[in-house]
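A structural walkthrough
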Amino acid sequence: MKIGYPCINWTIGCKGDRTFRLKSYSEERLIETVENNLDCLTKMLKYNIDNNLLFFRITSDLVPFASHPICKFNWQKYFKNKFKEIGEIIKENNIRISMHPDQFIVLNSIKTDVVKRSIAELYYHTEILDLMKLEKTSKIQLHAGGAYANKKESLIRFAENFKKLDRKIKDRLVIENDDRIFSFQDCLFLHSKTDIPLLFDVFHHSILNNKESIKNILEKQNKTWKNIDGIPMVDYSSQKPGFRDGSHAEKIDLKDFGSFLKQSKPYDFDIMLEIKDKENSAKKALKIVEKDKRFTRKELIQ
DNA sequence: TCACGTCAAGCAGAT
DNA sequence: ATCTGCTTGACGTGA
């Protein structure tokens, strides 16, 4: 079980997701921005290694406009060595990596150009992980998409579009249950059509579910991950007190997290903490996990 | 230096 | 019809 946080580290004072407006696009600007983003990514990874936070989500904004038609620059070649170096840091330290394309990526859209753009963006994410030469245990997590007034049909459309994807993308993609349309049960149906591993989002599940217990879900989730995929990934967050259902907490609720850990026995998985104060909550969570008798010290870092 | 209008992209649900 | 949330406000012009 590894503990991680997404994309941004507030402590080190530098961010790997700097971008710019489409209007100010230029090759020079792109190079300068990507250089900054890769340097900051390296710094964040080093911080994480020092703090035993060995699960990390890389921002989708690492290479701005990478999948946009305006970008003709061969950034893959230009930054090849830099990507390889970062990949070596990741592999030498047994860091698990995930990525999460944002809400515009809808593989089951009824609009063909939306699907086309989504595939281009998925390809970009795959290229990042491939340039770092990471194993297939590094995943790209995606929601199943829109409902379009017929959930089942929409899932089947996802499955059909998935089948047409490049092998490289298929090997990376995992599906995450969301909090408004596709529950974990819906994702299981999609899994039955595609064999895609399922990422379990605990918080979304607390909002949209079919009354399954945590343990029951984890048991089913486990069966969707093969050896080559690594151990399952789990997203965890808790409710921001006093805000609408689904608002992510500012800081980790240690009582809720402890309760989740208890309910999750005896399963093993890597946890991504989607909590706004990022590394600070991750460090607190790690302390609790370290006390869990399920895991030896060795298992925590492997 | 700071205020503030705007930013590549989709979808659903609330107002 | 318009706004909000999503993992996250940040960019950039104009004063």
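Scroll up to find the structure this text is about.
Now for a look at the structure at hand. Here the structure is a predicted model, which is why all the values come from computation and not from measurement.

Conventions we followed
- Residues numbered from 1 in each chain as written.
- Chains lettered and ligands numbered in written order.
- Predicted model: local features only at pLDDT ≥ 70, side-chain atom pairs only at ≥ 80, totals over all residues.
- Heavy atoms only, no water.
- Helix = DSSP H or I, 4+ residues; strand = E, 2+ residues; numbered from the N terminus.
- Buried < 20%, exposed > 50% of the residue type's maximum accessible area, 1.4 Å probe, protein only.
- Polar contact = N/O pair within 3.5 Å; in protein donor to acceptor, adjacent residues only side chain to side chain.
- Contact = heavy atoms within 4.5 Å.
- Near = heavy atom within 4 Å.
- Nonpolar A, V, L, I, M, F, W, Y, C, P; charged D, E, K, R; others polar.
- Phe/Tyr/Trp six-rings, centres within 6.5 Å; stacked < 30°, edge-to-face > 60°.
- Lys NZ or Arg CZ within 6 Å of the ring centre and 35° of its normal.

1. Considering the side chain of S109
Inspection of the secondary structure assignment puts S109 in the loop between strand 3 (96-99) and helix 4 (112-131). Of the residues examined, S109 reaches a relative accessible area of 7% and is grouped as buried. Only 3.0 Å separates the side chain of S109 from the backbone nitrogen of K111, close enough to count as a polar contact. When residues no more than four places from it in sequence are discounted, the contact partners of S109 are V114, V115, Y148 and R157.

2. Structural notes on the protein's contact with DNA strand B
Surrounding DNA strand B, one finds 18 residues, the nearest of these being R21, L22, S109, A147 and Y148. In DNA strand B, atoms within 4 Å of the protein come 47% from sugar and phosphate. Backbone polar atom of L22 to a phosphate oxygen of DNA strand B: 2.4 Å apart, as the coordinates give it. The side chain of Y148 places a nitrogen or oxygen atom 2.3 Å from a phosphate oxygen of DNA strand B. Grouping the amino acids of the surface near DNA strand B by side-chain chemistry returns eight nonpolar, five polar and five charged.

3. Here's the deal with the packing of aromatic side chains
For the structure shown, the criterion picks out 12 aromatic pairs. Centre to centre, the rings of F184 and F200 are 5.7 Å apart; their planes meet at 80°, and the pair counts as edge-to-face. Residue F184 is found in helix 7 (residues 184-194), and its partner F200 is found in strand 6 (residues 198-201); the two are separated by 16 residues along the sequence. Considering the side-chain rings of Y236 and F257, the 5.1 Å spacing of their centres and the 70° angle between planes classify their relative orientation as edge-to-face. Of this pair, Y236 sits in strand 7 (residues 233-236) while F257 sits in helix 10 (residues 254-263), and the two are 21 residues apart along the sequence. Judged by relative accessible area, F257 falls into the buried class, the value being 0%. One aromatic cluster is present, built from ring pairs that chain together Y236, F257, F260 and F269. Positioned above the aromatic ring of F162 is the side chain of K170, whose terminal nitrogen or guanidinium carbon lies 5.9 Å from the ring centre.

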